[in-house]
Amino acid sequence: MCSKVGFIHLIVPESRFRQTAGQGDLTEYTFNSGVARHLFCRICGVKSFYRPRSNPDGWSVNARCLDEAVDMDLTAFDGQNWEANAAGLAHLSREAAP
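Overview of the structure.

Thresholds, definitions, all that
- Residues numbered from 1 in each chain as written.
- Predicted model: local features only at pLDDT ≥ 70, side-chain atom pairs only at ≥ 80, totals over all residues.
- Heavy atoms only, no water.
- Salt bridge = Lys/Arg side-chain N within 4 Å of Asp/Glu carboxyl O.
- Helix = DSSP H or I, 4+ residues; strand = E, 2+ residues; numbered from the N terminus.
- Buried < 20%, exposed > 50% of the residue type's maximum accessible area, 1.4 Å probe, protein only.
- Pairing = 2+ DSSP bridges.
- Axes fitted to C-alpha atoms, helices over the stretch in contact; angles between N-to-C directions.

Glancing now at the pattern of salt bridges. Where charged atoms from two side chains of opposite charge come close, those side chains can pair. Summed over all chains, the structure comprises three salt bridges. A salt bridge links arginine 42 to aspartate 25, with the nearest nitrogen and oxygen atoms 3.4 Å apart. A residue pair is termed long-range when its members are at least 10 positions apart, and arginine 42 in the loop between strand S3 (37–41) and strand S4 (49–51) and aspartate 25 in the loop between strand S1 (9–13) and strand S2 (26–29) qualify at 17 residues. By relative accessible area, which is 55% here, arginine 42 ends up exposed.

Dropping the structure here:
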């Protein structure tokens, strides 16, 4: 699904995430387990970020929705076989050691 909609996941810890506008324009959808919180703009339908089941202590931001470019190391991920590979994502939302 992510490749079809062009979602480039930038997973960040809770403390590094700030939504600066549009909170009132969001609507939420949860799939089967109800753990992941998928938030969509209720006006245009874009999903710019969500709380993933693999990283409940952080957020996955669609890098394509950022106003300013950020440095990223892109790593291929087998999302089609998500259940078998999700544990490899858990470290991405943890705070970096000082």
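This is not the end of the story, as more comes after the structure.
Here lysine 4 lies in helix H1 (residues 2–5). Linking lysine 4 and phenylalanine 17, residues 13 residues apart in sequence, is a C-alpha distance of 25 Å.

Across the sheet, which stays open at both edges, the five strands sit in the order S1-S5-S4-S3-S2 with antiparallel pairing between neighbours. With partners counted over all chains shown, the strands left at the sheet margins are S1 and S2, one partner each. Between one strand axis and the next, the sheet turns by 25° as a mean value, whatever way the strands run. Summarising the sheet, S4 and strand S5 (residues 58–62) pair through two bridges and their orientation is antiparallel. Residue pairing across strands places tyrosine 50 opposite serine 60, the latter belonging to S5.

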